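# Topology and contacts: notes
Read off the chains here:
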Amino acid sequence: MPKGGPIEVGMIKFLMQNDCKADENGGPGHGLDVPGMLKYRNEYRERVQMLPFDQSRKRKVVIRRHAVGQDLVRVYVQGAPEEVVKLCNFTLNDRDERVALTADDKGALLGTVGEMAASKEIAGGLKVFSYAFKDMEAAELDKQLEMLKRLQMPAEESEDFRAEIEKDLIYLSTFGLEDPLHDDVLRAVEYIAYGHPD
């Protein structure tokens, strides 16, 4: 059974239900199933840094050592589409080649996102979030982290650090997950609004 936050669990279930496979470098259509991918990632792609999700930025960042070589790290960004897409200048074509993501492309993407979020077919619409990534030199990341250490500043509090690691991202995909209201939500809202539920 997948473990983690609701979004991560939902994504893992989606990948498993669709029998997704990948190689050790994350390429599609190869031998590792989803549990195998996660095991490989946890054993060989050390997590170097994480900037947790926060409400104002509506995104989180995870940086891991790259599978291809220790001289690279891969930056992963996940969050609200309107926050993630604006950081992306590139996407991948059908041959996994990096191509420009234009202002028109971004507008079309966000239009589709709006339709997903307001889906009439699903009560409450969909919870929509986007993924992006980029590779950067490990030495450059280490230099940035060392500077923060000297300043005694946590990475998540540095706007300069965020600007550096989140620039020129490659847009990957947007997903929508059903997010039904729980039965006790109305009762909780009434309690907050009126001090007691009916």
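Here is a short report on the structure shown in this document. (Residues numbered from 1 in each chain as written. Predicted model: local features only at pLDDT ≥ 70, side-chain atom pairs only at ≥ 80, totals over all residues. Heavy atoms only, no water.)

## Remarks on the overall build of the protein chain
Helix and strand content of the protein chain: seven helices and seven strands. The helix and strand sequence of the protein chain, counted from the amino end, reads α-α-β-β-β-α-β-β-α-β-α-α-β-α. Counting every position in the protein chain, which comprises 198 residues, the buried fraction comes to 35%. Of the roughly 12700 Å² of accessible surface on the protein chain, 53% is carried by carbon and sulfur atoms. (Helix = DSSP H or I, 4+ residues; strand = E, 2+ residues; numbered from the N terminus. Buried < 20%, exposed > 50% of the residue type's maximum accessible area, 1.4 Å probe, protein only. Areas by Shrake-Rupley, 256 points an atom, 1.4 Å probe, with all protein chains shown as cover.)

## Concerning the packing of aromatic side chains
Counting across every chain of the model gives three aromatic pairs. Summarising the aromatic geometry, the rings of Tyr131 and Phe175 are spaced 6.0 Å apart at their centres and angled 80° between planes, so their arrangement reads as edge-to-face. Placement of Tyr131 in strand β6 (residues 126-137) and of Phe175 in strand β7 (residues 169-178) is noted, with a sequence separation of 44 residues between them. The pair Tyr131 / Phe175 is uniform in exposure class, with both members buried. Taken together through their ring pairs, the aromatic side chains of Phe129, Tyr131 and Phe175 make up a single cluster. Across the ring face of Phe90, the terminal group of Arg98 is positioned such that the distance to the ring centre comes to 3.9 Å. (Phe/Tyr/Trp six-rings, centres within 6.5 Å; stacked < 30°, edge-to-face > 60°. Lys NZ or Arg CZ within 6 Å of the ring centre and 35° of its normal.)

## A look at a nonpolar patch on the surface
Nonpolar side chains collect at one region of the surface, where Met147, Leu151 and Met153 lie side by side and expose about 270 Å² of accessible area between them. Mapped onto the elements, Met153 comes out in the loop between α5 (138-151) and α6 (159-165). In this structure Met153 comes out as partly exposed when scored by relative accessible area, which is 34%. (Patch = residues over 30% accessible without salt bridge, like charges linked within 9 Å, V, L, I, M, F, W, Y side chains within 5 Å. Salt bridge = Lys/Arg side-chain N within 4 Å of Asp/Glu carboxyl O.)

## Concerning the pairing of strand β3 (residues 72-79)
Taken residue by residue, a regular strand's side chains alternate between the two faces of the sheet. By the criterion of burial, β3 is predominantly enclosed, with six of the eight residues buried. Bridge count for strand β2 (residues 59-65) against β3 is seven bridges, and the pairing is antiparallel. In the strand pairing of β3, Arg59 is matched with Gly79. The sheet contact formed by β3 and β6 spans eight bridges and is antiparallel. Residue pairing in the sheet places Gly79 in a bridge with Ser130 of β6. (Pairing = 2+ DSSP bridges.)

## A closer look at the environment of Arg47
Mapping Arg47 onto the fold places it in strand β1 (residues 47-54). When its relative accessible area of 47% is taken as the criterion, Arg47 is described as partly exposed. Here the alpha-carbon distance between Arg47 and His66, two residues 19 residues apart in the chain, equals 9.7 Å. Once residues lying within four places of it in the same chain are set aside, the contact partners of Arg47 are Val62, Ile63 and Arg64. (Contact = heavy atoms within 4.5 Å.)

## What about the sheet that holds strand β4 (residues 88-92)?
Here we have seven strands laid out as an open sheet, ordered β1-β2-β3-β6-β7-β4-β5, and mixed in their pairing. Where the open sheet ends on each side, the last strands, each with one partner, are β1 and β5 (98-100). Neighbouring strand axes in the sheet, compared pairwise and without regard to direction, differ in orientation by 30° on average. Of the pairings in the sheet, the one linking β6 to β7 comprises eight bridges and is antiparallel in character. (Axes fitted to C-alpha atoms, helices over the stretch in contact; angles between N-to-C directions.)

## Some details on the environment of Pro6
For Pro6, the location among the structural elements is in helix α1 (residues 6-17). Given the relative accessible area of 74%, Pro6 is considered exposed. Separated by 171 residues in the primary sequence, Pro6 and Leu177 place their C-alpha atoms 9.8 Å from one another.

## Observations concerning unusual backbone geometry
For Gln152, which is not glycine, the phi dihedral falls at a positive 55°. Position of Gln152 relative to the elements: it lies in the loop between α5 and α6. Of note, Asp168 is a non-glycine position whose phi angle comes to about 55°, a positive value. Among the structural elements, Asp168 can be located in the loop between α6 and β7.

So, to be careful, I would describe these as geometric facts and stop short of saying anything about function.
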